[in-house]
Amino acid sequence: MGLNDILEIFRRFLGFALFDVSGTTVTVATAVTVLVMLMVTVWLARVSQQALGALLDGRRVDRRTTGTIKSLTHYTILVVGFTAALQTAGINLTALFAAGAIFAIAVGFAMQSIAQNFVAGVILLAERTIKPGDVLEVEGRVVRVEMMGIRSTVARSRDGEELIIPNFVLVQSTVKNYTLADAYYRMQVSVGVTYSSDMARVRQTLETTAKIIAQKWGVTKHPPLVVMAGFGDNAVEFKVAIWMSNPWLWLPAINELHEAIWWAFQENEITIAFPQLDVHFDHPVSEKFGRLAASPPKASE
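Predicted model, so just to flag it, every value in this text is computed and none were measured.

I keep staring at the sheet that holds strand 3 (residues 135–138) and nothing clicks. Help me out?
Pairing between sheet strands relies on hydrogen bonds along the backbone, with the strands arranged either parallel or antiparallel. In spatial order, the strands read 6-5-4-3-7; together these five strands make up an open sheet with antiparallel pairing. Because the sheet does not close on itself, it has two edges, and the strands there are strand 6 (162–166) and strand 7 (176–177). Relative to strand 5 (residues 152–157), strand 4 (residues 141–148) is paired through five bridges, and the arrangement is antiparallel. Counted as the bridge partner of V145 is A155 from strand 5.

Spelled out as structure tokens, the structure:
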């Protein structure tokens, strides 16, 4: 028996019809192809889970988020691979997909917000502009990110409250990230002095006070900053900024800074301005008030 005879027998074996499915004959070759596709699909799903686990662990993503992404990827690869294998076997999935599309549309309307949060969570995990430990200002509240999930982000406010923030809020709204470039938070206070004050003395007093407070609450990398912020209606405004490594200590720190400024101003005889109103009368009105004041009061009868 020659090589050609062996190849012919092998070809006939592969072309041997096993059964019919929806008018399509399933041969041995088709069955082998489907089996290989299923094995490759399972292998790809397993390898993708391991690769994603290594990638996300390197980025310090939360374990529950990592597990969710790995599971979604795993099942997505399985669905795509099994669908391709069934199509190769001759199983017509058109009717099934049509029914599934109608069901998906109905579910999509009901789960629109969930899908929106899921996509936003994927974007946040990919961009890494917000990470666990970051200090954010979200909708007017300063919070620290504790955990990032695929649907929502858990944060803690400076009052100790646990907040569950939908991910689409972090993606679609303006979020101030105080610790994006570094891990320091700027504590800032404002104080106004009268226009008659010695501005050089005011600046020196504020700088000395800020340095003293910064030794306890601040960081050496960022020295305190004192700036003349503007000229108000009743005061010259100064701003004092101190960078902190732990923004959750801002309340006692800002209290100590306020008290230190108050006592330093008292010691250096610097007046903190307060709102005042000067009233000026026209000349005829002032003359009339003068005549009324000069005329003697009438004796009561």
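Teacher, can you tell me more about the side chain of T194 here?
Inspection of the secondary structure assignment puts T194 in the loop between strand 8 (185–193) and helix 7 (199–217). At 2.9 Å, the side chain of T194 and the side chain of S197 are in polar contact. Once residues lying within four places of it in the same chain are set aside, the contact partners of T194 are M199, T271 and A273.

How do you make sense of the sheet that holds strand 10 (residues 236–244) when you look at a structure like this?
Ordered in space as 8-10-9, the three strands form an open sheet in which the pairing is antiparallel. Every other strand in the sheet has two partners, leaving strand 8 and strand 9 (225–231) as the edge strands with one partner each. Each strand axis lies, on average, 25° off the axis of its neighbour in the sheet, ignoring direction. Sheet analysis places strand 8 next to strand 10, joined by nine bridges and oriented antiparallel. Paired with S190 across the bridge in strand 10 is K239. Sitting on the sheet, helix 7 touches strand 8, strand 9 and strand 10, and the angle it makes with strand 10 is about 20°. Set on the sheet, helix 8 (residues 250–267) makes contact with strand 8 and strand 10; between it and strand 8 the angle comes to about 30°.

Mind showing me how you'd approach helix 8 here?
For the α-helix, the turn length of 3.6 residues means that residues three or four positions removed from each other point alike. With 18 residues, helix 8 should reach 26 Å at 1.5 Å per residue; the first-to-last C-alpha distance of 25 Å fits that figure. Those residues of helix 8 that fall on the buried side of the exposure criterion are A253, I254, L257, I261, A264 and F265. In an axial view of helix 8, the angular spread of the buried residues amounts to 95°, which keeps them on one side of the axis. Exposed and oriented more than 90 degrees from the buried face of helix 8 are L251, W263 and E267. Buried residues belonging to helix 8 abut strand 8, helix 7 and strand 10. Two residues or fewer after helix 8 comes E269, characterised by a positive phi angle close to 55°.

What counts, and at which threshold
Residues numbered from 1 in each chain as written. Predicted model: local features only at pLDDT ≥ 70, side-chain atom pairs only at ≥ 80, totals over all residues. Heavy atoms only, no water. Pairing = 2+ DSSP bridges. Helix = DSSP H or I, 4+ residues; strand = E, 2+ residues; numbered from the N terminus. Polar contact = N/O pair within 3.5 Å; in protein donor to acceptor, adjacent residues only side chain to side chain. Contact = heavy atoms within 4.5 Å. Axes fitted to C-alpha atoms, helices over the stretch in contact; angles between N-to-C directions. Expected span 1.5 Å × (residues − 1). Buried < 20%, exposed > 50% of the residue type's maximum accessible area, 1.4 Å probe, protein only. Arc of directions from axis to C-beta.

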